[in-house]
Amino acid sequence: MSPPRRRRDAYRPPRSRREVLTAIGAVVGVLVVTLALIWFLRPSDNSGSGPPSNSTPLSVPPATLPPESTPPLSTPAGTP
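Please read all numbers here as calculations on a predicted model, not as lab measurements. (Residues numbered from 1 in each chain as written. Predicted model: local features only at pLDDT ≥ 70, side-chain atom pairs only at ≥ 80, totals over all residues. Heavy atoms only, no water.)

### So, helix α1 (residues 17-40)
Turning to step 1, where the next piece is worked out: Along its 24 residues, α1 runs 34 Å from first to last C-alpha, staying within 8% of the 34 Å computed at 1.5 Å per residue.
Turning to step 2, where the next piece is worked out: Counting buried positions along α1 gives zero out of 24 residues, so the element sits mostly on the surface. (Helix = DSSP H or I, 4+ residues; strand = E, 2+ residues; numbered from the N terminus. Expected span 1.5 Å × (residues − 1). Buried < 20%, exposed > 50% of the residue type's maximum accessible area, 1.4 Å probe, protein only.)

Structure, rendered in structure tokens:
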């Protein structure tokens, strides 16, 4: 035998007004915090839409290279 079916119009006690107001307050709080974070973390106005700046140097200065990796200084052919 199958278990008896539940009636669709079974009684459900109403939610308390305090529970509903707490849920609404939580939703409003989450929305306010989310919108505030989006507002404060947005890109600045002067960022523009131009190409990004290249902050890496085109060549490494010789002082930062280890001694074994620096090329030997070539002397001109006319000097002894």
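Back to the write-up after that little detour.
### A closer look at the pattern of salt bridges
Turning to step 1, where the next piece is worked out: All told, the structure shown has one salt bridge when counted by the stated rule.
Turning to step 2, where the next piece is worked out: In this structure, Glu19 and Arg15 form a salt bridge, with 3.6 Å as the shortest nitrogen-oxygen distance.
Turning to step 3, where the next piece is worked out: We classify Glu19 as partly exposed; its relative accessible area is 44%.
Turning to step 4, where the next piece is worked out: Residue classification places Arg15 among the exposed positions, given a relative accessible area of 59%. (Salt bridge = Lys/Arg side-chain N within 4 Å of Asp/Glu carboxyl O.)

### Comments concerning the packing of aromatic side chains
Turning to step 1, where the next piece is worked out: For the structure on display, the rule yields zero aromatic pairs.
Turning to step 2, where the next piece is worked out: Sitting above the plane of the Trp39 ring, Arg42 keeps its charged end 3.9 Å from the centroid. (Phe/Tyr/Trp six-rings, centres within 6.5 Å; stacked < 30°, edge-to-face > 60°. Lys NZ or Arg CZ within 6 Å of the ring centre and 35° of its normal.)

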